[in-house]
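A structural walkthrough
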Amino acid sequence: MTDTKTLIDSRPPSVAVLFLERVAATPDAEAYRYPVPPESGAGPDGWRSLTWRQAADRVTAVAAGLMDLGVLPEERVAIAAGTSVEWILTDLGVLCAGAATTTVYPTTNADETVFILSDSGCRVLVAEDTAQLEKVRGHRAELPELAHVVVMDPEAAVDQEGDGWVLSLADLEKRGAAYLEQHPEAVADTVASLTRDQLATLIYTSGTTGRPKGVRLPHDAWSYMARAIQAVGLLDGDDVQYLWLPLAHVFGKVLTAGHIAVGHVTAVDGRVDRIIENLPVVRPTYMAAVPRIFEKVYNGVAARAREGGAAQYRVFQWAAAVARDYARATQESLRLTGTRSAPAALRAKHAVADRLVYSKLREAFGGRLRACVSGSAALAPEIGYFFAGAGIHILEGYGLTESSAANFVNPGESYRTGTVGKALPGLEVRIAEDGEVLLRGPGIMQGYHGLPEKTAEVLEPDGWFHTGDIGELSPDGYLKITDRKKDLIKTSGGKYIAPAEVEGRFKAVCPFVSNVLVLGGGRNFCSALVALDEPTILGWARENGLGGRSYEQVVTSDKVRELIAGHVAELNAGLQRWQQVRQFRILPRDLDIEHGELTPSLKLKRPVVEREFAPLIDEMYSGSRES
């Protein structure tokens, strides 16, 4: 068996090479599953499959089609689309043509879309549908380098201009097939000529202020990531991955690289509202998600238990406490003795709770889930312990766009809730004097596109990247992220507070919360802005005499204020005095991407939220010294 170091050191220069090697090794194995409309004649579950050979036929057609359009190596091709099998095939086609993919979230507005296409110098835009096309149709004069727009949706009316500027993805693939008839080795020769340092991907970070920055990731970053994921051994060829994460985000994209190296099946559907419906159909063994998904599942289970009556809710609360106790006990036992065990009385309680609660929860995930990877933001430890005790193993990981997403991950059975696990092989890590996590390795970006000064702020000449995160490294290599360096707040009394820690604790004690922002920098006490989960709080409202009222009417009621005040008191009981939340306000609506308060990966944009709700913040601190 190939050892880890050899596996990584012998990696090819690009994922494009890995893809062609995968196709040659397992041409007839299933590669992708994807949903199709009922009228398409798919099977009873509404999903179709592609083998690796079938995927390669489409990838090479896309690659050759781009060559036929005149796209040259390292020139940029943007993809503005939701997660789908077409996104993956197009991205691989771009890589196999030697070009570089620029990712654009489909939720990006027209102004920022035009900025990204202009700043990156895109030659071609692959747009999901007419809505994405319309973001650029009226801006041709501002995008002189944009030679073509390719539209994925076969129903879209594309070439209104009549000059060939817009064509369909099917037309691109037909052009590619014709090109390959004349130049049969064009794609293979291009892939063979790729070098490690050639630009492969340009991902624009969704900044909290100003314009986003383009992160330049070379081919070697993805080849390294693919091999490192393979070397960790969390996945094997028999796994079924459910992929719904946005592929415009680095977390989603790195999963496609690992998939190619390992060769398992990936079921792809980016519709977030279909996750609960898809899980029992796909029955994945592996899934990656962001913490908000696990929080919503937890809140949903708690809400259903509450709707079943007081007795059922008490059973759920008891089972949740047992799950957390069991997870803590078994993880600590594994750390100290190398084996998982728990006291006999706790094992007996756990067995009862499993029959009553946990087994149903596992079935909702499809019944075969071996592990979930959680990334992009911190998972509240109490949520993690609940799922761990229920037999749904959430392996927290850590990475950034600038470091190709996958840098740390918890090691399978030896995972430790509350940490992001151990460094992937081939990655160096050190903790700076001020606690900042520094990284160096093949996955680190080349720099920010066209921004050498910004690059120099975070990337040292010897390759060390400043993550901006504060962390602690255990003697055996487990990393715990305590907060963003810039998000640490210092009260006027001189106490430092990590808001993410307090926010995570509140999410664990309050099943109604959707988002929470803890404040207190330069103030003499901490406060919080609290957004409630609409389905959960409206369900509670129906049971407590507030049925028939709107969300805004419910969350501004005295009853809900008292409800949340009780959970704040529960939170404060476990905090140091200077960490305690002395004032809070319930927001009239949830935070969302559309208002710019969340990134597409559901991270809070703190400055945006603080600006948007400044009057509420001022109200909490107005004329008050300590309350």
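Residues numbered from 1 in each chain as written. Predicted model: local features only at pLDDT ≥ 70, side-chain atom pairs only at ≥ 80, totals over all residues. Heavy atoms only, no water.

Okay, the overall build of the protein chain next. A count of helical and extended segments in the protein chain gives 22 helices and 26 strands. Computed over C-alpha atoms, the radius of gyration of the protein chain comes to 25 Å, within 12% of the 25 Å expected from 2.2 N^0.38 for 627 residues, which places it in the range of a compact globule. C-alpha extents for the protein chain along the principal axes are approximately 75 × 55 × 55 Å. Relative to its 627 residues, the protein chain shows a buried fraction of 56%. Taking contacts inside the protein chain between residues at least 6 apart in sequence as the whole, the part at least 24 apart equals 66%. Summing over all exposed atoms, the protein chain offers an accessible surface of approximately 25700 Å²; the carbon and sulfur share of this is 51%. (Helix = DSSP H or I, 4+ residues; strand = E, 2+ residues; numbered from the N terminus. Rg over C-alpha atoms; globule rule 2.2 N^0.38 Å. Buried < 20%, exposed > 50% of the residue type's maximum accessible area, 1.4 Å probe, protein only. Contact = heavy atoms within 4.5 Å. Areas by Shrake-Rupley, 256 points an atom, 1.4 Å probe, with all protein chains shown as cover.)

Our next topic: unusual backbone geometry. Even without a glycine there, the phi angle at Glu74 is positive, about 70°. Turning to its location among the elements, Glu74 is positioned in the loop between α3 (52-68) and β3 (76-80). For Glu74, a relative accessible area of 29% translates into the label partly exposed. Its identity is not glycine, yet Ser404 carries a phi of approximately 65°, on the positive side.

Further remarks concern the packing of aromatic side chains. All told, the structure shown has 12 aromatic pairs when counted by the stated rule. Judged by centre distance (6.4 Å) and plane angle (75°), the ring pair of Phe512 and Trp540 falls under edge-to-face. Of this pair, Phe512 sits in the loop between α17 (499-509) and β24 (513-519) while Trp540 sits in helix α18 (residues 534-543), and the two are 28 residues apart along the sequence. Members of the aromatic cluster, joined through ring pairs, are Phe294, Tyr298, Tyr313, Phe316, Phe365, Phe386 and Phe387. For the cation-ring pair, Lys253 lies above Trp222, with the distance from its terminal atom to the ring centre recorded as 4.6 Å. Taking the ring centre of Tyr313 as reference, the NZ or CZ of Arg306 above it sits at 5.4 Å. (Phe/Tyr/Trp six-rings, centres within 6.5 Å; stacked < 30°, edge-to-face > 60°. Lys NZ or Arg CZ within 6 Å of the ring centre and 35° of its normal.)

So, about empty space enclosed by the protein. Summed over the entire model, instances satisfying the criterion amount to two cavities of 30 Å³ or more. Volume-wise, the largest cavity comes out at about 60 Å³. Lining the largest cavity, in full, are Val15, Tyr32, Ile88, Asp91, Leu92, Leu95, Trp222, Lys253, Thr256, Ala257, His259 and Ile260. The set of elements that each furnish at least two residues to the lining of the largest cavity consists of α4 (85-96) and α10 (250-262). When residues in the lining of the largest cavity are grouped by element, the largest group, five residues, is from α10. Residue composition of the lining of the largest cavity, grouped by class: eight nonpolar, two polar and two charged. (1 Å grid on protein atoms, 1.4 Å probe; cavity = no way out; pocket = protein on both sides within 12 Å on 5 of 7 lines; lining within 4 Å. Points joined across faces, edges and corners; volume = space filled by probe spheres on them. Nonpolar A, V, L, I, M, F, W, Y, C, P; charged D, E, K, R; others polar.)

Moving on to the environment of Arg33. Mapped onto the elements, Arg33 comes out in strand β1 (residues 30-35). Along the backbone, Arg33 and Arg175 are 142 residues apart, and their C-alpha atoms lie at a distance of 26 Å. Excluding residues that lie within four positions of it along the chain, Arg33 makes contacts with Trp47, Arg48, Ser49, Val240, Val265, Thr266, Ala267, Val268 and Val282. A polar contact of 2.6 Å, which involves the side chain of Arg33, links it to the side chain of Glu30. (Polar contact = N/O pair within 3.5 Å; in protein donor to acceptor, adjacent residues only side chain to side chain.)

The subject of this paragraph is the packing of helix α12 (residues 291-307) against helix α13 (residues 310-337). Running from N to C, α12 and α13 point in directions that differ by 145°, and their axes come no closer than 7 Å. Two secondary-structure elements touch here, α12 through Tyr298, Val301, Ala302, Arg304, Ala305 and Arg306 and α13 through Gln312, Tyr313, Phe316 and Arg324. (Axes fitted to C-alpha atoms, helices over the stretch in contact; angles between N-to-C directions.)

Our next topic: the sheet that holds β3. Taken in spatial order, the eight strands make up an open sheet running β7-β6-β5-β3-β4-β8-β9-β19, and their pairing is mixed. This sheet does not close on itself; its edge strands, each paired only once, are β7 (166-168) and β19 (447-448). Examined bridge by bridge, β3 and strand β4 (residues 100-104) share five bridges and lie parallel to one another. Bridge pairing in β4 links Arg76 to Ala100. (Pairing = 2+ DSSP bridges.)

The element strand β26 (residues 581-586) is extensively covered by neighbouring structure, given that five of its six residues are classed as buried. In the sheet, strand β25 (residues 526-532) pairs with β26 via five bridges, with the strands oriented parallel. Across the sheet, residue Cys526 finds its bridge partner in β26, namely Val581.

Moving on to the pairing of β4. Along β4, five of the five residues are buried, which leaves the element largely enclosed by surrounding structure. Side chains Ala100, Thr102 and Val104 of β4 all project onto a buried face; the interleaved residues Thr101 and Thr103 project onto the opposite face, where all are buried too. Where the polypeptide runs from β3 across α4 and back to β4, its parallel neighbour, the crossover connection is right-handed. Where β4 lies against strand β8 (residues 199-204), three bridges are found, and the strand directions are parallel. Each residue of the ladder has a partner; that of Thr103, found in β8, is Ile203. (Right-handed = clockwise from strand over helix to strand, strands pointing away.)

With that settled, the discussion passes to the confidence of the model for the protein chain. Mean pLDDT over the protein chain: 90, with 96% of residues reaching 70 or higher. Per-element averaging of pLDDT across the protein chain places strand β22 (residues 489-490) at the bottom with 74 and α3 at the top with 98. (pLDDT = per-residue confidence, 0-100.)

Two numbers describe how α12 lies on helix α15 (residues 381-389): the axes approach to 10 Å, and their chain directions differ by 65°. The angle between the axes of α12 and α15 places the two elements in the roughly perpendicular class. Classified by chirality, the crossing of α15 by α12 is left-handed. Only Ile383, Phe386 and Phe387 of α15 make contact with α12, whose side of the interface consists of Phe294, Val297 and Tyr298. (Parallel < 35°, antiparallel > 145°, perpendicular 65-115°, else oblique. Left-handed = near helix turned anticlockwise from the far one by under 90°.)

Turning our attention to the nonpolar core. With 142 residues, the main nonpolar core has Tyr32, Phe316 and Phe387 as its most contacted residues. Counting residues per element, this core draws most heavily on α3, which supplies nine residues. Here Phe387 is in contact with Phe294, Val297, Tyr298, Leu361, Phe365, Ile392 and Ile394, once residues within four sequence places are set aside. Counting 30 residues, the second largest nonpolar core, distinct from the first, contains Val516, Val560, Val568 and Ile586. (Core = buried A, V, L, I, M, F, W, Y, C linked by side-chain atoms within 4.5 Å.)

Moving on to the environment of Arg227. Among the secondary structure elements, Arg227 is positioned in helix α9 (residues 219-232). Residue Arg227 is classed as buried on the basis of its relative accessible area of 13%. Measuring from C-alpha to C-alpha, the distance between Arg227 and Glu112 comes to 34 Å, with 115 residues separating the pair along the chain. If near-sequence neighbours (up to four positions away) are discounted, Arg227 is found in contact with Leu7, Ile8, Arg11, Pro12, Leu18 and Glu21. Only 2.8 Å separates the side chain of Arg227 from the side chain of Gln230, close enough to count as a polar contact.

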